[in-house]
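Each chain is listed here by its residues.
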Amino acid sequence: DTVTNPLHTYNSGGVYGPSLTTYGFSQPVTAAQESSIVAIADSIIIRTGMGGLGQNRVAVPVYLKNLFPTLEVKIPLKYGNSPAPIVADSVVFTGRGNDFVIKMSTINSDSQTILLYLLTDPPLSPGSGIIAKIYFHILNSAIMGDTIPIDTGLTVPETSLLFTTTVASFEPFFVSGGVSVEPYAAGDANKNGKVNLGDIVYLVNYIFKGGPAPDPNWLGDANGDGDINLADLIFLVNYIFKGGPGP
């Protein structure tokens, strides 16, 4: 049979060398082109952080999955429409992000954009996991129940979404995330609408005495590090009694 413009779907990421065999001569003739197709499975995934009105430290995790050894990563992000009821405050590189030699972040509150740049040699081995957390605060003008989107948003060539690997440079698959405005703020473990001594007592009972867990779990993560432990109690004590920063 003769097929015009044949198509093939690659179900797994990798580097492929297509071949074409023609018939009709005394014997079949095959032509191959090695390593000419890169099927992308590499990805950047932005999770959704949750917090209440006025909350200061809403963590949005950024995950990286790379099939090929990776030398360079550029992740340009844009959050919300203008003006957005959230503000990006800081970026903390963590997990696999610490395996990069150079780690830089740029936050522009006016344009509501963030650029994450990571560079390393030798390259980052294939794998997946968290590379950074972006911390936002939610303004009191936010509407409860809304989710402010975080997407890849810069179109300037030097700041476009990019993976540079030992195989090729390409734009990875991207999954957007956001910041969800919830009825309660982190630290309000007992959900009474206030962060106070009652929340410290609630977390003491949970951490040390087998009491009920905060529901949802992130309400007990007062310091925004992703865990509920003694550090959250210390954070709340400093906030409530010593004038330290709030959740």
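Remember, predicted model here, so these are calculated numbers, not experimental data. (Residues numbered from 1 in each chain as written. Predicted model: local features only at pLDDT ≥ 70, side-chain atom pairs only at ≥ 80, totals over all residues. Heavy atoms only, no water.)

**Here's the deal with the overall build of the protein chain**
Note the cut-off: Strands are runs of DSSP state E lasting at least two residues, helices are runs of H or I lasting at least four, and both sets are numbered from the N terminus onward. Only protein chains enter the accessibility calculation, which uses a 1.4 Å probe; a residue whose area is less than 20% of its type maximum is buried, one above 50% is exposed, and one in between is partly exposed. We call two residues contacting when some pair of their heavy atoms lies within 4.5 Å. Areas reported as accessible are Shrake-Rupley estimates using a 1.4 Å probe. Residue values count occlusion only from the protein chains shown.
From N to C terminus, the protein chain includes two helices and 17 strands. With 247 residues in all, the protein chain has 36% of them scored as buried. If you take every contact in the protein chain between residues at least 6 apart in sequence, the share linking residues at least 24 apart comes to 68%. As presented, the protein chain carries roughly 13,200 Å² of accessible surface, and 54% of it is formed by carbon and sulfur atoms.

**Quick look at unusual backbone geometry**
Cis geometry is found at the peptide bond from serine 82 to proline 83, where omega equals -5 degrees. One can find proline 83 in the loop between strand E8 (70–79) and strand E9 (86–93). Cis geometry marks the peptide bond from aspartate 121 to proline 122; its omega dihedral reads 15 degrees. Examined against the element boundaries, proline 122 turns out to sit in strand E11 (residues 113–124). A positive phi angle is found at glutamine 112, which is not glycine, with a value near 55 degrees. Position of glutamine 112 among the secondary structure elements: in the loop between strand E10 (102–108) and E11. Within the chain, lysine 191 stands out as a residue other than glycine whose phi angle is a positive 55 degrees. Within the element layout of this structure, lysine 191 appears in the loop between strand E17 (177–182) and helix H1 (197–209). We classify lysine 191 as partly exposed; its relative accessible area is 34%.

**Description of a nonpolar patch on the surface**
Short version of the rule: For patch building, the residue pool is restricted to those with more than 30% relative accessible area and no salt bridge; the joining distance is 9 Å between like charges and 5 Å between nonpolar side chains (Val, Leu, Ile, Met, Phe, Trp, Tyr). We define a salt bridge as a side-chain nitrogen of Lys or Arg found within 4 Å of a carboxyl oxygen belonging to Asp or Glu.
Residues Val101, Ile102 and Met104 make up a contiguous nonpolar surface patch of about 270 Å² in total accessible area. For isoleucine 102, the location among the structural elements is in strand E10.

**Comments concerning the side chain of threonine 165**
What counts, and what does not: We call two N or O atoms a polar contact when they sit within 3.5 Å, provided that within protein one can donate a hydrogen and the other can accept it, with sequence-adjacent residues counted only if both atoms are side-chain atoms.
Looking at where threonine 165 falls in the secondary structure, it is placed in strand E14 (residues 162–165). Of the residues examined, threonine 165 reaches a relative accessible area of 6% and is grouped as buried. At 3.0 Å, the side chain of threonine 165 forms a polar contact with the backbone nitrogen of valine 167. Reaching out from threonine 165, the side chain makes a polar contact with the backbone oxygen of alanine 168 at a distance of 2.8 Å. The residues contacting threonine 165, other than those within four sequence positions of it, are Phe68, Pro69, Thr70, Leu71 and Phe170.

**Digging into the packing of aromatic side chains**
Remark: the centre distance and the inter-plane angle together describe each pair of aromatic rings, the angle taken between the planes. Quick note on the threshold: Note on aromatic pairs: the rings of Phe, Tyr and Trp (six-membered ring only in Trp) are paired at centre separations within 6.5 Å, and the planes decide the class, stacked below 30 degrees, edge-to-face beyond 60, tilted for the rest. Placement of a charge over a ring requires the Lys NZ or Arg CZ to be within 6 Å of the ring centre, with the centre-to-atom vector within 35 degrees of the ring normal.
Counted by the stated rule, this structure contains three aromatic pairs. Where phenylalanine 68 meets phenylalanine 170, the ring centres are 6.3 Å apart and the plane angle is 75 degrees; that geometry is what we call edge-to-face. Residue phenylalanine 68 is located in the loop between strand E7 (58–66) and E8, and its partner phenylalanine 170 is located in strand E15 (residues 169–170); the two are separated by 102 residues in the primary sequence. Judged by its relative accessible area of 7%, phenylalanine 68 falls in the buried class. With a relative accessible area of 9%, phenylalanine 170 lands in the buried category. Considering the side-chain rings of tyrosine 79 and phenylalanine 136, the 5.3 Å spacing of their centres and the 80 degrees angle between planes classify their relative orientation as edge-to-face. Within this pair, whereas tyrosine 79 is found in strand E8, its partner phenylalanine 136 is found in strand E12 (residues 127–138), the two being separated by 57 residues in sequence. Aromatic rings pair up to connect Phe68, Phe163 and Phe170 into one cluster. Above the plane of the ring of tyrosine 63 lies arginine 47, whose end atom (NZ or CZ) is 4.9 Å from the centre.

**Some remarks on the nonpolar core**
We count it as follows: Within this scheme, the nonpolar core is defined by two criteria: the residues are buried Ala, Val, Leu, Ile, Met, Phe, Trp, Tyr or Cys, and they are joined through side-chain atoms within 4.5 Å.
In this structure, Ile44, Val62, Ile75, Ile114 and Phe136 are the most contacted members of the largest nonpolar core, which totals 35 residues. Of all the elements in the fold, those that place two or more residues in this core are strand E5 (43–46), E7, E8, E9, E11, E12, strand E13 (147–151) and E17. With five residues, the top contributor of residues to this core is E12. Beyond its immediate stretch of four places on either side in the chain, isoleucine 75 contacts Ile44, Val62, Ile114, Leu115, Leu116, Ile131 and Leu161. Within the second largest apolar cluster, eight residues are counted, among which are Ala189, Leu233, Phe235 and Leu236.

**Let's talk about the pairing of E14**
We apply this condition: In this analysis, strands are considered paired if DSSP registers two or more bridges between them.
Bridge analysis of E8 against E14 gives four bridges, and the strand direction is antiparallel. The residue of E14 that forms the bridge with valine 73 is phenylalanine 163. As judged from the two bridges shared by E14 and E15, these two strands associate in the antiparallel manner. Note on E15: the bridge partner recorded for threonine 164 is serine 169. Here E14 hands over to E15 after three residues, the two strands then running antiparallel side by side.

Purely geometric numbers; function is a separate question.
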